[in-house]
Amino acid sequence: MYDEETLEFIKEREEKLGGQLLLRTYATWFAEVGGERREFGVFLYSDGNTLVIEDFFRPAKVLGYEIETKREKERRKDYKKMEIFLPIEGVDSVTLVTKGKAESALKTGNADIPSAGGVSKLFCRTVTMIKTENRTFFFEIPDHKKFNDDINRFKNKEK
């Protein structure tokens, strides 16, 4: 099912957390109010106790070939890996919001935004918003419902 490299990667992450990964997904867009922003390459995983948000350097490619320009070499040199560890019990809410409202929140710093309603879900791009006591994150992930269900299941298990 998984190749050797993928299995090794998963094993390393499990060793880092000290338990089996119960949630694995990725974000094609990630941002934190007042913090980091990534356009792609963000991996989210959890052992049920901690949610980890980790990114990877993604080299620029044209037709599948990496570009080796001065600018690309500079970008690689300046890259700083992002790893954020959030305790599951610290997650206050997981909400689906429109990407437009998320972008506004990033500009204003005001993360008090409404969840996406029926019409907005149909006609707007949506992202998942995670709020903790003092941080707000936005992710464009493939399956908001499953992610939300998993986080709630992890939180309820601890009670």
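Read on for a plain summary of the structure.

1. Focus: the overall build of the protein chain
Logical step 1: Helices and strands together make up the secondary structure of the protein chain, namely five helices and eleven strands.
Logical step 2: Seen along its three principal axes, the alpha-carbon backbone of the protein chain occupies a region of about 45 × 35 × 30 Å.
Logical step 3: Within the protein chain, the fraction of its 159 residues that count as buried is 40%.
Logical step 4: Put simply, of all contacts in the protein chain between residues at least 6 apart along the chain, 62% involve residues at least 24 apart.
Logical step 5: In the form shown here, the protein chain has an accessible surface area of approximately 9900 Å², with 51% of it arising from carbon and sulfur atoms.
Logical step 6: One finds the centroid of the 29 positive side-chain charges in the protein chain at a distance of 5 Å from the centroid of its 29 negative side-chain charges.

2. Description of helix α1 (residues 4-17)
Logical step 1: Look at α1: 20 Å from first C-alpha to last across 14 residues, which is about the 20 Å you get at 1.5 Å a residue.
Logical step 2: Among the residues of α1, Ile10, Arg13 and Leu17 are the ones counted as buried. Buried residues of α1 fall within an arc of 60 degrees about the axis and therefore sit on the same side. Of the exposed residues in α1, the ones pointing more than 90 degrees away from its buried face are Glu4, Glu5 and Glu15.
Logical step 3: Where α1 is buried, its residues touch β1 (23-27), β4 (42-46), β5 (50-55) and β8 (83-87).
Logical step 4: Gly18 sits one or two positions beyond α1 and adopts a positive phi of about 85 degrees.

3. Comments concerning the sheet that holds strand β9 (residues 91-98)
Logical step 1: Across the sheet, which stays open at both edges, the five strands sit in the order β3-β2-β11-β10-β9 with antiparallel pairing between neighbours. The sheet is open, and its two edges are formed by β3 (37-38) and β9, each paired on a single side.

4. As for the pairing of strand β10 (residues 126-132)
Logical step 1: A large share of β10 lies buried, amounting to six of its seven residues.
Logical step 2: Where β9 meets β10, seven bridges bridge the pair, whose relative direction is antiparallel. When the sheet's bridge partners are listed, Val91 is paired in β10 with Thr132.
Logical step 3: As defined by bridge partners, β10 adjoins strand β11 (residues 136-140) across four bridges and the pair is classed as antiparallel. Residue pairing across strands places Ile130 opposite Phe137, the latter belonging to β11.

Reading the values: rules and limits
Residues numbered from 1 in each chain as written. Predicted model: local features only at pLDDT ≥ 70, side-chain atom pairs only at ≥ 80, totals over all residues. Heavy atoms only, no water. Helix = DSSP H or I, 4+ residues; strand = E, 2+ residues; numbered from the N terminus. Buried < 20%, exposed > 50% of the residue type's maximum accessible area, 1.4 Å probe, protein only. Contact = heavy atoms within 4.5 Å. Areas by Shrake-Rupley, 256 points an atom, 1.4 Å probe, with all protein chains shown as cover. Lys, Arg positive; Asp, Glu negative; His and termini not counted. Charge placed at Lys NZ, Arg CZ, Asp CG, Glu CD. Expected span 1.5 Å × (residues − 1). Arc of directions from axis to C-beta. Pairing = 2+ DSSP bridges.

Shape descriptors only; they carry no functional weight alone.
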